[in-house]
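# Examining the three-dimensional arrangement
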Amino acid sequence: MKRTLSHPSPAPNGRTYWRSLGEYSRTPDFEEWLHREFPAGAAEWENDPLSRRNFLRLMGASLALAGLSLSGCRRPEAHLVPFTQSPEWVIPGKKMSFATAQPRRRGAVPLLATTFDGRPIKMEGNPLHPLSLGASDNFSQASILDLYDPARRQHPTRSGKKISSSDWDAEIARIRYESASTAGSSLAILSDELLSPTRDRLRAELLKQFPQATWATYEPLAPEKDLEASSLVFGDNTEFRPNLSAASTILSLDCDFLGSDEGDISDTRGFAAGRRTRKPGDSTNRLYVAEPRFSLTGTMADHRLRLRSGSMGPFLLELARQIRTAKPSADLNTLLSQSPDLALPEGVDPAWIRECAADLVAHGKQSLILVGRRLPVSLQALVLALNAALGAVGSTLIVQPRRSIPSSNINQLAGKIRSGAIRTLIILGGDPVYNAPADLNWPALQSSVPNTIHLAHLPNATSKQSTWSIPGTHYLESWGDALASDGSYLSIQPMIQPLWDGQSQLDLLSKLLGQPKPIGPRLIRDTFAQRTNLSGEKFDLAWNDFVREGFLSSPTSTLPPRAPNLSSVAGLLSKIENSAPEDICSLEFNFIQSGAVDDGRYANNGWMQEWPDPMTKLTWDNAILMSQDTAKSLGLKNEIIKGILVADVVQATLAGRSVEAPALIVPGHANFSVSLPLGYGQEELGSVAKGSGFNAYSLRTSLADYQGAGLQLKKLGKTRELAVTQEHQVMEGRDLVREATVSEFQKDPAWVKTVGMDAHIPKNQSFYPNPKLDGQHQWAMVVDLSTCTGCNACVTACTAENNIPIVGKDQVMKGREMHWIRVDRYFTGEPDAPESVSQPIACMQCENAPCETVCPVNATVHNEEGLNVMAYNRCIGTRYCANNCPYKVRRFNFFDYNQRALDKLYWGPLAPKGTEETIKLQKNPNVTVRMRGVMEKCTFCVQRIEDAKITARVRARDSADLKIPKGTLKTACQQACPAEAIVFGDLLDESSEVTQQRALPQNYSLLEYLNVRPRLTYLGRIRNPNPAMPGAKTSYNTPHGHGESHAETTHTNQESSSHKSEGTHK
Amino acid sequence: MANIFPRFSNWLPIKILVCLTIIAVSVVSGMSYYFTPKYTRVGYQPTQPAAFDHSLHVNQLGMDCRYCHTGVEKSSHSNVPGTQTCMNCHTQIKSQSSKLSAVRDSWKTGNPVPWVRIHKAPDYVYFNHAVHVNRGVSCVACHGHVNHMEVVYHAKPHSMGWCLECHRAPENHLRPLDQVTNLDWEPPTGTTQREIGEKFVKEWNVKPPVSCSGCHR
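Residues numbered from 1 in each chain as written. Chains lettered and ligands numbered in written order. Predicted model: local features only at pLDDT ≥ 70, side-chain atom pairs only at ≥ 80, totals over all residues.

## A short note on the packing of helix 7 (residues 225-234) of chain A against helix 13 (residues 377-390) of chain A
Residue and element names in this part refer to chain A. Threshold: In this analysis, axes come from line fits to C-alpha atoms, helices being fitted only over the stretch in contact, and the angle between any two N-to-C directions falls in the range 0 to 180 degrees. Secondary structure counts use DSSP, requiring at least four H or I residues in a row for a helix and at least two E residues in a row for a strand, with both numbered from the N terminus. Working definition: roughly parallel below 35 degrees, roughly antiparallel above 145 degrees, roughly perpendicular at 65 to 115 degrees, and oblique for all remaining angles. Should the near helix be turned anticlockwise from the far one by less than a right angle, the crossing is left-handed, and should it be turned clockwise, the crossing is right-handed. Note that contacts rest on C-beta atoms placed from the backbone: two residues are in contact if these are within 7 Å. Residue type decides the class: Asp, Glu, Lys and Arg count as charged, Ala, Val, Leu, Ile, Met, Phe, Trp, Tyr, Cys and Pro as nonpolar, and the leftover types, Gly among them, as polar.
Direction vectors running N to C along helix 7 and helix 13 enclose 50°, while the axes themselves pass 8 Å from each other. By the angle between their directions, the pair helix 7 and helix 13 is classed as oblique. In this structure, helix 7 meets helix 13 at a crossing whose hand is right-handed. For the pair helix 7 and helix 13, contact is made by Lys225, Asp226, Glu228, Ala229, Ser230, Leu232 and Val233 and by Val377, Gln380, Ala381, Leu384 and Ala385, respectively. Split by residue class, the contact of helix 7 with helix 13 holds seven nonpolar, two polar and three charged.

Structure (structure tokens):
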């Protein structure tokens, strides 16, 4: 019987999943783009005057010339250069791991640095620390590349000229002399936020020596409004953090705790733990989200309401009233007695708030309301009071002592500078010239100070404007300490000697204090002694533990639950207003953190520039994000021309300041509101940052700092091409993501098998013989779509582990990005208020791999352990395998991305060849650095597999016990994943997590009807909507009737019957 | 009668002959170069900065390989000893020998001795010493009888086919673990290498990888 295999028509389950607005509306441009195997131009040299024919002619000639001299045949003489004196513990060729931590403004991340022959190459989470348990995030993964950034300055300079250390000593002596004579009133220090107890100690000493000195702190993205709210509600010197693992009902108000801005690794882990649903009857948490922009947290929401941040006030007051109705209390009565009576914003269903409030109240202390730290203090204080009323404080909301020391802010410092009192300004880290509030006119202000000193890891705009520019050390180069978000004390130990002539902030401060240069960890040891009150041998033991484990293992300090101070909150409530007019000429704006470059500090980090934003999938740029309706009212368009997204450029004007920026239309954004990601448009930082994005800081002022209204957008008639990866490697709507509600799952745990073609596929046969799978292990991976937040940490981890090159904006626009794992983000529903699902896609390691049968040179073959392996040195670059891959996971090196400058790729041999020496140091020595013309793809981290097998064999010696101990082998993506959504292991081991998860009824494979038998499978996503909510979906699937014939040709099931089921909530 | 063949065709047979000869010569010389051990560097014997004599140290003095190559059992890379290792003895013995001047200079200046590399796997090959020596593969299997070499040379071809010969039939090379660094070991009389090897393959569950991923990552 002849069988015609056609893909099923999209969405037999009655739901349409789409990845972009172009796909949603099926524009002809999009169709054309989609039906190309590769993006237009992916196989062309269109920017090049050299045609293919000429190229071949040239190559023929050069080949002939090469043949004349046989110079290429001899291997060069190489040398083995051993140590003169071997350092202790070092075994050449063996990796070592050391505990350290990355300081962050909200709390350091406990990490483990992997070093090879003395050079750190990869960061992992510290498995011992409860906040990480081995997981990490994008910035900690990418920070390793910053260490080796070729743009780093090598010497201290004064007015651009290299200076000697004696010049620097003389300058410090001069500052000390000057400050001593003025008691410090002429000295000001502007620092970033490190949460370092040692720096705080030195700061206190400095202020003791020079009592009149000014110490100001500026972090562009660390609003202290949450601290203010906390001190109002819980008393002075307190702060709060969520404990999501205890929460079963969560309401998040513009708080992207699953993205990187508001939360940390433990928040994602805690949320995923409550989300994980393995069998019917498991409890599943529920998430309500109200936010202006579709955030990662929004994608995980069971109910999402798009709401301008200016409308949060009326929303919250209504919520408070509804909570009072559901759970009457005297406290809430007093609290709400003074609140203004504001009308709910249009489009907000009061039933939404009512049912949400009822659900929160029903779960008492297991419920949690989170509020964005960018929102006004009054709202944050009200939310804290509501949490207290729900009983959440002490359970899902933890109050702890404040970690940061209050200091003056940049506005107060600006006032002092204006008064002319400051003669010397020392800037520790940060880049105020670039990111200070625009109304301060900081560049002019800074120039008015006679003597400015800037210490920073990368030379930026501020360094350029400072008299003295001192290269700072990276956190992997110097001793330090920091507090984590739970207040635990972390050690930062150096992995490598400073690459250049840099110094740390602690070095500079101790010099300023007139102390001798600190040798080793002396300063940290002093702080540690003070904190632990230990001495002698006990101190040494505790110190060694501290450095080895990376943190001080003592119970973290939480404050006992305390009654909230409601009277202070009540006074604030009168200030709440609906500050969001629906006016197209005065739009609401939200300054948001960029998931890729943070506040701009990672703008010269190639990995982060090429990192597709989880929601917009935009790389190498930022854009003003807005909804379809807002764009339509402004007459703005996003078009796909030749496969490239072309966005209209607008002039954004806010209070007289303006900037030009492309406008990107995103689904799910609130109307009359736009979001402006910060951190881009840095021309001074380095070659990577140059030319990417626009500088949203130029609109931002002290008052209009995070959100507000009054932004005007004017269409300019210009366009900008954006490198958006969302349409690359599209698989069309073939039931790739499968979702069900909790009640559907309870009714039929194997619901995934009733979706799409799966119920209809006949027993399949393979034309080719199946590979022999007789290895001692059979590797497989399972991804749980219920817990995957789509944060992209796996992408960054994979990039770091597998030496994946960056290709630059032009190449990304041609669809040539090299990421081995990508996170597909699907929308479903109406473009205005869609839902979203993320699905990580890596090589499926098909047992019947279609790529293998078409390779003419056997460069990709199967191994006995079920891996589809890739021998780079055999690959001749036909790209047949990529054409035959149904999952589009193969990546081709169109150029020598490792050897050539990204802006000179088309220059061919005319461009200089070679990698920066420092970048070479980062490469993982156990993974081949691929060259031009080679196909590559995910290998399930075969280098880690082989390493684990070798370790087991070395341990076994003359025994037959080759077992790999549990937990010792993890792929890079799995190890990084804070949600623990990825599991990997051996199918022959009955007890392994992966075997158990593959046996679950909700396990399915993509495109099962192709019979390629993937080793990477997925657990269908389970949502937990509240059936009482307005517009709640009760059913995600329209199951197939089994009465009809199992058609072997195109499947056209139009059956309309559907399960009507009620969601239940545990 | 007009000429059927134009004038230039007179030279054609000679031209063809010359071409064929050139092709044949290049094919033969190419084959004889690339397909022989010469290409795989067998016999490569560079001059080292210090004339270290393996036969003297191992055979006459009875030093174990691992005294100097300390990482071989633990790491993928078998390290060349640091200057310190040499100086452990040579501060006392032959402390003024001219042959050791490079080592003494290194000790004095702190600059390492630039030993010339003899065995080098290509960058895309990930060979691991530890797993071989811990599972009964002797040094001699790949490096030859270094203990008899006054000046070390490349003894075996180290081509992929040569690696696979052993990976497909490990029984031909396995020996008791305590004899791995005894390069002169022979199977006890009455037994053959094959018998001993087959016993170990079974008892130790030896299954060397023969797929690409075993060595190429």
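Now, onward.
## A short note on unusual backbone geometry
Threshold: Partly exposed residues are those whose C-beta has more than 12 but fewer than 20 other C-beta atoms within 10 Å; 20 or more makes a residue buried and 12 or fewer makes it exposed, with C-beta atoms placed from the backbone.
The residue A:Asp598 is not glycine, and still its phi comes out positive at about 60°. When the 23 C-beta atoms within 10 Å are taken as the criterion, A:Asp598 is described as buried.

## As for the confidence of the model for chain B
Residue and element names in this part refer to chain B. Heads up, the rule is: Confidence of the predictor at the level of single residues is given by pLDDT, which spans 0 to 100.
Averaged over chain B, the pLDDT score is 90; the fraction of residues at 70 or greater is 98%. Averaged pLDDT values for the elements of chain B fall to 90 in helix 1 (residues 12-34) and rise to 94 in helix 6 (residues 129-133). Across the assembled chains, the prediction reports ipTM 0.88 with pTM 0.89.

## Things to note about the sheet that holds strand 13 (residues 303-306) of chain A
Sheet strands line up and pair through hydrogen bonds in the backbone, either parallel or antiparallel. Residue and element names in this part refer to chain A. Convention followed: Pairing between two strands requires that DSSP report at least two bridges joining them.
Strand order in the open sheet made by the four strands is 13-12-11-14, with parallel pairing throughout. Each having just a single partner strand, strand 13 and strand 14 (367-371) make up the two edges of the open sheet. Between one strand axis and the next, the sheet turns through 10° on average, direction left out of account. Sheet topology places strand 11 (residues 249-253) next to strand 12 (residues 286-291); five bridges connect them, and they run parallel. Paired with Ile250 across the two strands is Leu287, which belongs to strand 12.

## Re the interface of chain A and chain B
The partner chain B presents 39 residues to the 37 residues of chain A that form the contact. Broken down by secondary-structure element, the contributors of at least two residues to the side of chain A that touches chain B are strand 2 (79-80) and helix 30 (942-956) of chain A. Here the element with the most residues in the side of chain A that touches chain B is helix 30 of chain A; it accounts for six residues. Considered class by class, the residues forming the side of chain A that touches chain B number 18 nonpolar, twelve polar and seven charged. Here strand 2 of chain A pairs with strand 1 (residues 115-116) of chain B via two bridges, running antiparallel. When the sheet's bridge partners are listed, A:His79 is paired in strand 1 of chain B with B:Val116.

## Quick look at the environment of A:Ile524
Along the polypeptide, A:Ile524 turns up in helix 19 (residues 522-532). For the pair A:Ile524 and A:Thr198, spaced 326 residues apart in sequence, the C-alpha to C-alpha distance is 6.1 Å.

## Topic: the confidence of the model for chain A
All names here are of chain A. Across chain A, pLDDT averages 85, with 89% of residues at or above 70. For the stretch residues 40-49, pLDDT sits under 50, and the model shows twelve contacts to residues farther than four places along the chain or on other chains. Counting contacts from residues 66-72, a segment whose pLDDT is below 50, to residues more than four positions away or on other chains yields one contact.

## Quick notes on helix 4 (residues 83-90) of chain B
Residues and elements named next belong to chain B. Operational definition: Relevant arc is that of directions from the helix axis to the C-beta atoms, nothing else.
Taken together, the buried positions of helix 4 are Thr83, Thr85 and Cys86. Taken end-on, helix 4 shows its buried residues confined to a sector of 165°, consistent with a single buried face. The inward-facing, buried residues of helix 4 contact helix 3 (65-68) and helix 5 (101-109).

## As for the sheet that holds strand 32 (residues 835-841) of chain A
Residues and elements named next belong to chain A. If you walk across this open sheet you meet the three strands as 1-31-32, and the pairing is antiparallel. Looking at the sheet topology across the chains shown, the edges are occupied by strand 1 (17-18) and strand 32. Pairing of strand 31 (residues 822-828) with strand 32, which is carried by seven bridges, proceeds in the antiparallel orientation. Pairing of Arg825 across the sheet is with Ser838, part of strand 32.

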